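If you want the building blocks of each chain, they are given just below.
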Amino acid sequence: MTLKDRLVRDVAVCHLGRADYRDTWDLQKRVQTRLVVAKKSRVSRELDHVVLTVEHPPVFTLGKSGDQGNLLATPQHLQEIGATFVKIDRGGDITFHGPGQLVVYPILDLDHFYTDIHRYLRDLEETVILTCADFGVDAGRMEGRTGVWVGHDEHRSERKICAMGIKCSRWVTSHGLALNVATDLGYFRHIVPCGIDDRDVTSLARELSRPIEIAEVVPVFVEKFSDVFGVATTEYAGEAADSYLSAYLGDRVNT
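Conventions we followed
- Residues numbered from 1 in each chain as written.
- Predicted model: local features only at pLDDT ≥ 70, side-chain atom pairs only at ≥ 80, totals over all residues.
- Heavy atoms only, no water.
- Phe/Tyr/Trp six-rings, centres within 6.5 Å; stacked < 30°, edge-to-face > 60°.
- Helix = DSSP H or I, 4+ residues; strand = E, 2+ residues; numbered from the N terminus.
- Salt bridge = Lys/Arg side-chain N within 4 Å of Asp/Glu carboxyl O.
- Buried < 20%, exposed > 50% of the residue type's maximum accessible area, 1.4 Å probe, protein only.
- 1 Å grid on protein atoms, 1.4 Å probe; cavity = no way out; pocket = protein on both sides within 12 Å on 5 of 7 lines; lining within 4 Å.
- Points joined across faces, edges and corners; volume = space filled by probe spheres on them.

A.B. asks: Whenever I open this one, the packing of aromatic side chains confuses me. Can you help?
C.D. replies: By convention here, two paired aromatic rings are described through the distance between centres and the angle between planes. Tallied over the full model, the rule gives 10 aromatic pairs. With a centroid separation of 6.5 Å and an interplanar angle of 45°, the aromatic rings of Tyr 21 and Trp 25 are classed as tilted. Pair noted here: Tyr 21 and Trp 25 are both in helix H2 (residues 21-40), with a separation of four residues, about one helical turn. Measuring from ring centre to ring centre gives 6.2 Å for Phe 221 and Phe 225, while their planes differ by 25°; the resulting arrangement is stacked.

Next comes the structure, spelled out in structure tokens:
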């Protein structure tokens, strides 16, 4: 048995419901810092890894290596469509978050898994691919491009169903992925999504030609995440999630 096999792989999945983007970004940073500080003091194996699931009000986010020219809307137009714009510290270019989109922020200490960012991204993609398959959508990877795509068919060329962008500090991850479930895809007309101007975006609802709720997708995603990453998950929602996170970030350590 290797050292990584002996390290804890318990994951607390906290369902935040609909939450402001900046508030959730701050929460991510606090959880990530908690894990990094614990890691430096050699007690990180006593801490759960944390996954946050959330749905944001309309917001465009630009990664640290992105091109602001890929935001096509003026400040006045953003106000008119009820959206905000935030520059953030993840990798990648510009994307949209909004209602009908499942956003997932895994905050994992990869020293307990594998220290390989490319493998981590592929495992996130695999989780989404398996989730889509459960709903009858044949999704996969596109060579040279991160994220999950629905392939070329008789109707359309490849279209992106899930965008990804992460940050890693001392092998502790933050940010993550955004899976379009029933997202208003019209918002993507106001950006060059992920800096890619030759492909479309899509959603589960669009591919299935039927309504679908995030509540249908979340349990499937958590199951697939558990399988792909080989973890045991405990889920919290509402007040239980708030209490768990307050304790996690406070003086005592939840195990």
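Okay, back to it.
A.B. asks: Help me out: how do you make sense of the pattern of salt bridges in this one?
C.D. replies: Side chains that differ in charge, positive against negative, can pair when their charged atoms come close. For the coordinates displayed, the defined rule picks out 11 salt bridges. Arg 141 is the partner of Glu 126 in a salt bridge, and the nearest nitrogen-oxygen pair spans 3.2 Å. One end of the pair, Glu 126, is in helix H4 (residues 117-134); the other, Arg 141, is in strand E7 (residues 139-142), with 15 residues separating them in the sequence. Overall, the relative accessible area of 26% leaves Glu 126 in the partly exposed class.

A.B. asks: Just to check I follow, could you spell out the layout of surface pockets for this structure?
C.D. replies: Using a probe with the size of a water molecule, rolled over the atoms, empty space left in the structure can be pinpointed. The space that makes up the largest pocket amounts to roughly 410 Å³. For the lining of the largest pocket, the elements supplying multiple residues, two or more each, are strand E5 (94-97), strand E6 (101-107), strand E8 (145-150), strand E9 (159-169) and strand E10 (172-180). The leading source of residues in the lining of the largest pocket is E9, at five residues.

A.B. asks: Explanation requested: unusual backbone geometry in the structure shown.
C.D. replies: Residues apart from glycine generally show negative phi values, whereas peptide bonds are mostly found in trans. One non-glycine residue with positive phi stands out, namely Trp 171, at about 70°. Structurally, the position occupied by Trp 171 is in the loop between E9 and E10. Take Trp 171: its relative accessible area is 32%, and that puts it in the partly exposed class. A positive phi angle is found at His 175, which is not glycine, with a value near 60°. Structurally, the position occupied by His 175 is in strand E10. Overall, the relative accessible area of 2% leaves His 175 in the buried class.

By themselves, these are just geometric observations and shouldn't be taken as functional.
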